[in-house]
Amino acid sequence: MDPVEVAAAPDAGPGPAWQSKCPWGAPNTTSISCSLADVMSEQLAKELQLEEENAAFPEVVAVAEGPFITGENIDTSSDLMLAQMLQMEFDREYDAQLRREEKKINGDSKVSISFENYRKVHPYDSDSSEDEVDWQDTRHDPYRADKPTTTPRKGFIGKGKDITTKHDEVVCGRKNTARMENFAPEFQVGDGIGMDLKLSNQVFNALKQHAYSEERRSARLHEKKEHSTAEKAVDPKTRLLLYKMVNAGMLETITGCISTGKESVVFHAYGGKSATEDKVIPPECAIKVFKTTLNEFKNRDKYIKDDYRFKDRFSKLNPRKIIRMWAEKEMHNLTRMQTAGIPCPQVVSLKKHVLVMSFIGKDQVPAPKLKDVTLSGEDMKKAYYQILNMMQQLYKECNLVHADLSEYNMLWHDGKVWLIDVSQSVEPTHPHGLEFLFRDCRNVSQFFQKGGVAEALNERELFNAVSGLNITADNEVDFQAEIEALEKMNEDHVQNHGKKLSMFSSDGDPPIYDE
């Protein structure tokens, strides 16, 4: 095709200013000769557009980072291809804008932010470098170790000298390492594949057995926590019992835990209104919840299995019944002590393994234990004679032996000593009743002798004073031997003539609420 001559109109000569600025006038430009193919070229149009944009907006940086895709090797007759090309250009401009924003925000800071998650990842963006590859869109993750290849069904790989069977030490070791990923999630196995760890069959079997044992133990602990009373917490069944007491009006509110022990948890509560007029609920109550974990009660059946009051109901095959009987036993013992006038908590109600008593203390502050309080010489002497009198009353009037009497189970409140925790108390006719009494006498005597009470008797003199027996032995070994002989005689007498009649025909115990 012949060149097309593009020429300007002839100069109109001097004239008015508006004629030289007339938009319809011919500009004073030199003629440029070009071919028609250059005029229709998209590359030329792109360059002219960029020149105009740079002249109009010099501060704007060109967003094109690569050559514009021409139609020389791409079929542009398809509308879909054109739309994809335009979308790719838009994605490039958008990514370039994000990179400028990153550079502007980060600056020279050592800690930088990234807009990588917001970038447009085009499936046929050929200009992306290897450093900008999104590994999430690739099938191979370079940061994940390759799993060991498995042997085929025939059981070997290779031929001749290079044959490798499925029993190969290296192959089995890597396979065992990969199988560790099937263990429970809580069993930490580490990155054995990445370290190319090779486990022998013996080590793998030991780890597998240990993982299964830990999983079963975790399941047992979880079930045990849900069905047992833990420290400073209650299981759902116990919580339901407490809710029923509050809803029934027996308790106004439960404030919190005030004491924890091996066998029980004690909560403080404000008393409510009684359903009957003859029963008065104290303003402040103590709720003793016996733990249902059974750990401590398995070895304490000797306190209850030989007690004639519960001997017929005792069942070692059902330890959970022991817990209810333990709470019932403390209720009966407290009622006997209250009838005899011994300072102790007043029983309000018993429901299964939850015992409600009067609170020894004031304004949610429990009375201190005798081991924690500092008493003067006169108060210490007064406390000693009071405890001596209570031990004699407990033995002769209540027909009971505390069996766990010490400074830990005696409270100091309102200038006198209060006895608590009598769930393990037994009668003197118990096969080990006198042994328990001698142990109580030893604890009391040692405590007050260390406290500076000169009138405190030793354990043998205190035992004779409380029990009324006259055991004359020069040393402790002979003394305990005579006690065991008396217990043996008493046990034979009980077996031959039946159980000893209780001094109380009716304890006047409050009703036991059970579902």
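Residues numbered from 1 in each chain as written. Predicted model: local features only at pLDDT ≥ 70, side-chain atom pairs only at ≥ 80, totals over all residues. Heavy atoms only, no water.

In this section: the pairing of strand β11 (residues 416–419). Direction of pairing for strand β10 (residues 410–413) relative to β11: antiparallel, over a ladder of four bridges. Within β11, the residue paired with leucine 411 across the bridge is tryptophan 418. In textbook terms, the turn of a hairpin is the stretch between consecutive antiparallel strands, and for β10 and β11 this stretch comprises two residues, one of which, aspartate 414, has a positive phi near 55°. (Pairing = 2+ DSSP bridges. Helix = DSSP H or I, 4+ residues; strand = E, 2+ residues; numbered from the N terminus.)

Space inside the largest pocket adds up to approximately 850 Å³. Along the wall of the largest pocket there are 33 residues; nearest its centre are Ser259, Lys369, Asn409, Ile420 and Asp421. When residues of the lining of the largest pocket are traced back to their parent elements, those giving at least two are β3 (251–260), β4 (264–271), β5 (284–290) and β7 (354–358). At three residues, the largest contribution of residues to the lining of the largest pocket is made by β3. Partitioned by chemical class, the residues of the lining of the largest pocket number 15 nonpolar, eight polar and 10 charged. Inspection of the lining of the largest pocket shows a minimum of three residues originating in each of domain 2 (233–366) and domain 3 (368–501). (1 Å grid on protein atoms, 1.4 Å probe; cavity = no way out; pocket = protein on both sides within 12 Å on 5 of 7 lines; lining within 4 Å. Points joined across faces, edges and corners; volume = space filled by probe spheres on them. Nonpolar A, V, L, I, M, F, W, Y, C, P; charged D, E, K, R; others polar. Domains from an automatic or database assignment.)

Moving on to helix α5 (residues 169–179). Along an α-helix, residues three or four positions apart point the same way, because every turn accommodates 3.6 residues. Three or more residues of α5 are buried, namely Val171, Cys172, Gly173, Asn176, Thr177 and Ala178. Backbone nitrogen of valine 170 and a side-chain oxygen of the N-cap are separated by 3.2 Å at the start of α5; the cap is aspartate 168. (Buried < 20%, exposed > 50% of the residue type's maximum accessible area, 1.4 Å probe, protein only. Polar contact = N/O pair within 3.5 Å; in protein donor to acceptor, adjacent residues only side chain to side chain.)

For the pair helix α9 (residues 377–396) and helix α11 (residues 459–467), interaxial distance at closest approach is 8 Å and the crossing angle is 50°. Considered as vectors, α9 and α11 are oriented oblique to each other. For the pair formed by α9 and α11, the contact residues are Tyr384, Leu388, Met391, Gln392, Tyr395 and Lys396 on the first element and Leu462, Ala465, Val466 and Ser467 on the second. Of the residues assigned to the contact of α9 with α11, the class counts are seven nonpolar, two polar and one charged. (Axes fitted to C-alpha atoms, helices over the stretch in contact; angles between N-to-C directions. Parallel < 35°, antiparallel > 145°, perpendicular 65-115°, else oblique. Contact = heavy atoms within 4.5 Å.)

A complete count under the given rule lists one cavity of 30 Å³ or more for this structure. Taken as a whole, the largest cavity holds about 50 Å³ of empty space. Looking at the lining of the largest cavity element by element, the count peaks at three residues for α9.

With that settled, the discussion passes to the nonpolar core. In this structure, Ile387, Phe448 and Phe463 are the most contacted members of the largest nonpolar core, which totals 53 residues. The greatest single-element share of this core, amounting to nine residues, is contributed by α9. Three or more residues apiece are contributed to this core by two domains, here domain 2 (233–366) and domain 3 (368–501). Excluding anything up to four places from it in sequence, isoleucine 387 contacts Leu370, Met410, Val417, Val444 and Phe448. (Core = buried A, V, L, I, M, F, W, Y, C linked by side-chain atoms within 4.5 Å.)

With that settled, consider the side chain of asparagine 106. Residue placement: asparagine 106 occurs in helix α4 (residues 79–106). Accessibility expressed as a relative area gives 16% for asparagine 106, which makes it buried. Here the side chain of asparagine 106 touches isoleucine 113 through a polar contact of 2.9 Å, landing on its backbone nitrogen.

Now for the packing of aromatic side chains. Scanning all chains against the criterion turns up eight aromatic pairs. Residues tyrosine 384 and phenylalanine 448 carry aromatic rings whose centres are separated by 5.2 Å and whose planes lie at 65° to one another, so their mutual orientation is edge-to-face. Pair noted here: tyrosine 384 is in helix α9 and phenylalanine 448 is in helix α10 (residues 433–450), with a separation of 64 residues, a long-range link. In this pair, the class of tyrosine 384 matches that of phenylalanine 448, namely buried. Within the aromatic cluster, the residues linked to one another by ring pairs are Tyr384, Tyr385, Phe447 and Phe448. (Phe/Tyr/Trp six-rings, centres within 6.5 Å; stacked < 30°, edge-to-face > 60°.)

The subject of this paragraph is the confidence of the model for the protein. Here the protein averages 77 in pLDDT, while 69% of its residues score no lower than 70. Here strand β12 (residues 512–513) stands out as the element of the protein with the lowest mean pLDDT, 36, in contrast to β7, whose mean of 95 is the highest. Low pLDDT, under 50, characterises residues 123–138; the stretch is placed with 12 contacts to residues that sit more than four places away or in other chains. Below pLDDT 50 for its whole length, residues 499–515 participates in 42 contacts with residues either more than four positions away or in separate chains. (pLDDT = per-residue confidence, 0-100.)

As a further point, take the environment of valine 203. Mapped onto the elements, valine 203 comes out in helix α6 (residues 201–226). Overall, the relative accessible area of 39% leaves valine 203 in the partly exposed class. Measuring from C-alpha to C-alpha, the distance between valine 203 and asparagine 176 comes to 9.2 Å, with 27 residues separating the pair along the chain.

Turning our eyes to something else, we now look at the environment of lysine 273. The residue lysine 273 is located in the loop between β4 and β5 in this model. Its relative accessible area of 72% is what places lysine 273 among the exposed residues. Sequence spacing of lysine 273 and alanine 248 is 25 residues, and the spatial spacing of their C-alpha atoms is 8.9 Å. Other than its neighbours up to four places away in sequence, lysine 273 contacts Gly249, Met250 and Ile281.

Below, the discussion takes up the state of the cysteines. Within this structure, the stated rule accounts for zero disulfides. As a non-bridged cysteine, cysteine 344 has cysteine 398 as the owner of its nearest cysteine sulfur, 8.3 Å distant. (Disulfide = S-S within 2.5 Å.)

The next subject is unusual backbone geometry. In this structure, asparagine 399 is a non-glycine residue whose phi angle is positive, near 55°. Since its relative accessible area comes to 3%, asparagine 399 is described here as buried. Even without glycine at this site, aspartate 414 takes up a positive phi of about 55°. You can see aspartate 414 is positioned in the loop between β10 and β11. Overall, aspartate 414 belongs to the exposed group, its relative accessible area being 64%.

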